[in-house]
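Understanding the architecture of this molecule
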Amino acid sequence: MHAKPSPQHRVDDAVLPELDLRWLPSPEPMLRALAAAEALLPGQTVQVLTPLMPLPLLDALASRGMRTTAFALPTGGARVLIRCPDGDDAASA
């Protein structure tokens, strides 16, 4: 099964790329979200849709220094915004 391409969504007046990982078997959603996060350049953001609130993913991203925000979706699953900090983020942390 492949990740479904999803339309891009606007968050805070920015259009962010989105990966829909909700239909993938475990552990694919976590592995693909981590790969997407690692591919980010400083200051870039990606959003992923996961089949449930991904607490292990959030912990793994935090340990890698990524900034995250997760929202539960009304239809189930979660939308996770993953941001690679830039120099300004590191100075304010």
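This report concerns the structure included in the present document. If you're wondering where the values come from, they're calculated on a predicted model, not measured in any experiment.

Observations regarding the environment of Thr69
Here Thr69 is to be found in strand β6 (residues 67-72). For the pair Thr69 and Leu81, spaced twelve residues apart in the sequence, the C-alpha separation amounts to 5.2 Å. Setting aside residues up to four positions removed in sequence, Thr69 forms contacts with Arg79, Val80 and Leu81.

A closer look at the side chain of Gln47
For Gln47, the location among the structural elements is in strand β5 (residues 45-50). Side-chain polar atoms of Gln47 contact the side chain of Arg79, separated by 3.1 Å.

A word on the environment of Leu40
Tracing the backbone through its elements, the reader meets Leu40 in the loop between α1 (28-38) and β5. When its relative accessible area of 13% is taken as the criterion, Leu40 is described as buried. Along the primary structure Leu40 and Arg83 are separated by 43 residues, whereas in three dimensions their C-alpha atoms are 7.8 Å apart. Apart from the residues lying within four places of it in its own chain, the contact partners of Leu40 are Thr45, Val46, Ile82 and Cys84.

Thresholds applied
- Counting from 1, residues in each chain are numbered in the order their sequence is written.
- pLDDT decides what is reported in this predicted model: residues at 70 or higher carry local features, side-chain atom pairs at 80 or more are listed and counted, and totals for whole chains, interfaces and linings draw on all residues regardless.
- As a rule here, side-chain values cover all heavy atoms of the structure and leave hydrogens and water aside.
- In DSSP terms, a helix is any run of H or I states spanning at least four residues, a strand is any run of E spanning at least two, and both are numbered starting from the N terminus.
- Between two residues, a contact is recorded if the distance between any of their heavy atoms is within 4.5 Å.
- Throughout this description, a polar contact denotes any pair of N or O atoms lying within 3.5 Å of each other; where both atoms belong to protein, one of them has to be capable of donating a hydrogen while the other can accept it, and for residues adjacent in sequence the pair is counted only when both atoms sit in side chains.
- Only protein chains enter the accessibility calculation, which uses a 1.4 Å probe. A residue is then buried if its area is under 20% of the maximum for its type, exposed if over 50%, and partly exposed in between.

Coordinates in, geometry out; function isn't part of it.
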